Amino acid sequence: MNETINNIITRRSVKKYKSDAVPQSLLEEIVKAGTYAPTGMNRQSPIIIAITNKTLRDKLSQMNAKILGINADPFYGAPVVLVVLADKNINTRLYDGSLVMENLMIAAHSLGLGSCWIHRAKEEFESEEGKQILNELGITGEYEGIGHCIVGYSDEDEKPQSERKADYVVWAK
């Protein structure tokens, strides 16, 4: 089987991570792959915030947990959070950002790392606290949070592939 297709088929969402740091060189490969996701008319509406700073990572985790209404880490202990935002003025922003998220997850898997898409970035970055974080990072403009791609070394057993539903594909010949 083709290596790319195999990575797509074998990738799973990881919900338990080791605390081990992820080497910067691997993170750079992952985010580079994210920047090559297709975007509407190649406008490249998304941006990626690569968070390895534990204080900021924990602050986002607390914000996310509050939105979700839980007292646990919604990032499952992952040491890295790649936040994908997209320009609110671009009508394809949700699709563009979703493709970036997929590229990030496939790239992480291909490098032996676990990942998972965590929601609520929209709510986080629409809040005053979220806007303040963007301001502190020097990010200007109107951005919508698309998702968090959490990344790290998996600390769980490999999950089996689930069956695909029978009517997933309809052939129109």
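Structural data are supplied above this passage.
Residues numbered from 1 in each chain as written. Predicted model: local features only at pLDDT ≥ 70, side-chain atom pairs only at ≥ 80, totals over all residues. Heavy atoms only, no water.

**Q** What should I look at first to understand the sheet that holds strand 3 (residues 114–118) in this one?
**A** Strand pairing in a sheet relies on backbone hydrogen bonds. The paired strands run either parallel or antiparallel. Pairing within the open sheet is antiparallel, and its four strands lie in the order 1-2-4-3. Two strands lie at the open edges of the sheet, namely strand 1 (46–51) and strand 3, each paired on one side alone. Looking at each pair of strands side by side, their axes are set apart by 20 degrees on average, direction ignored. Both strand 3 and strand 4 (residues 143–152) contribute to a ladder of five bridges, which runs antiparallel. Paired with Ile118 across the bridge in strand 4 is His148. Sitting on the sheet, helix 2 (residues 24–35) is in contact with strand 1, strand 2 (80–87) and strand 4, with an inclination near 165 degrees to strand 1. Packing of helix 3 (residues 54–68) onto the sheet brings it into contact with strand 1, strand 2, strand 3 and strand 4, and relative to strand 1 it is tilted by some 115 degrees. (Pairing = 2+ DSSP bridges. Helix = DSSP H or I, 4+ residues; strand = E, 2+ residues; numbered from the N terminus. Axes fitted to C-alpha atoms, helices over the stretch in contact; angles between N-to-C directions. Contact = heavy atoms within 4.5 Å.)

**Q** Would you mind showing me how to read the nonpolar core here?
**A** Where a protein is soluble and globular, its nonpolar side chains tend to be buried together. Membership of the largest hydrophobic core comes to 21 residues, with the highest contact counts inside it found for Ile49, Ile51, Leu60, Val83, Leu85, Phe125 and Ile150. Put simply, the parts of the chain that give this core at least two residues each are strand 1, helix 3, strand 2, strand 3, helix 5 (121–126), helix 6 (128–136) and strand 4. Among residues more than four places away in sequence, those in contact with Phe125 are Leu60, Val83, Leu85, Gly130, Lys131, Ile133 and Leu134. Residues Val22, Ala107, Ala108 and Val151 belong to the second largest nonpolar core, which totals 19 residues. (Core = buried A, V, L, I, M, F, W, Y, C linked by side-chain atoms within 4.5 Å. Buried < 20%, exposed > 50% of the residue type's maximum accessible area, 1.4 Å probe, protein only.)

**Q** Quick question: what am I supposed to make of the side chain of Ser61 here?
**A** When you line up the elements, Ser61 lands in helix 3. Discounting residues that sit within four places of it in the chain, Ser61 has contacts with Asp73, Pro74 and Phe75.

**Q** Whenever I open this one, the pairing of strand 4 confuses me. Can you help?
**A** Strand residues, when the strand is regular, have side chains that alternate between the two faces of the sheet. When you tally the buried positions in strand 4, you get ten out of ten residues, the bulk of the element. Note: strand 2 against strand 4, eight bridges, orientation antiparallel. Bridge pairing in strand 4 links Asp87 to Tyr143.

**Q** Explain the pattern of salt bridges here, please?
**A** Pairing between side chains of opposite charge can happen when the charged atoms of each approach one another. Throughout the structure, instances matching the rule amount to seven salt bridges. Here Arg57 makes a salt bridge to Asp73, at a shortest N to O gap of 2.6 Å. Here the residue Arg57 occupies a position in helix 3, and Asp73 occupies one in the loop between helix 3 and strand 2, the gap between them amounting to 16 residues. On the basis of relative accessibility, which here comes to 27%, the residue Asp73 falls in the partly exposed class. Linking Lys122 and Glu126 is a salt bridge whose minimum nitrogen-to-oxygen distance equals 2.6 Å. Taken as a pair, Lys122 and Glu126 lie in helix 5 at a separation of four residues, close to a single helical turn. Residue classification places Glu126 among the partly exposed residues on the basis of a relative accessible area of 35%. (Salt bridge = Lys/Arg side-chain N within 4 Å of Asp/Glu carboxyl O.)

**Q** Looking at this model, I keep getting lost on the environment of Ile133. Mind explaining?
**A** Along the chain, Ile133 falls in helix 6. Look at Ile133 and you get buried, because its relative accessible area is 4%. For the pair formed by Ile133 and Leu56, sequence separation is 77 residues and the distance between their alpha carbons is 8.8 Å. Residue contacts for Ile133: discarding those within four places in its chain leaves Leu56, Lys59, Leu60, Met63 and Phe125.

**Q** Would you mind going over helix 4 (residues 93–110) with me for this structure?
**A** Given a rise of 1.5 Å per residue, 18 residues ought to cover 26 Å, and the 26 Å separating the end C-alpha atoms of helix 4 matches this to within 8%. The complete set of buried residues in helix 4 reads Asp96, Gly97, Val100, Met101, Leu104, Met105, Ile106, Ala107 and Ala108. Looking at the packing, one finds that the buried side of helix 4 touches helix 1 (3–10), helix 2, strand 1, strand 2, strand 3 and strand 4. (Expected span 1.5 Å × (residues − 1).)

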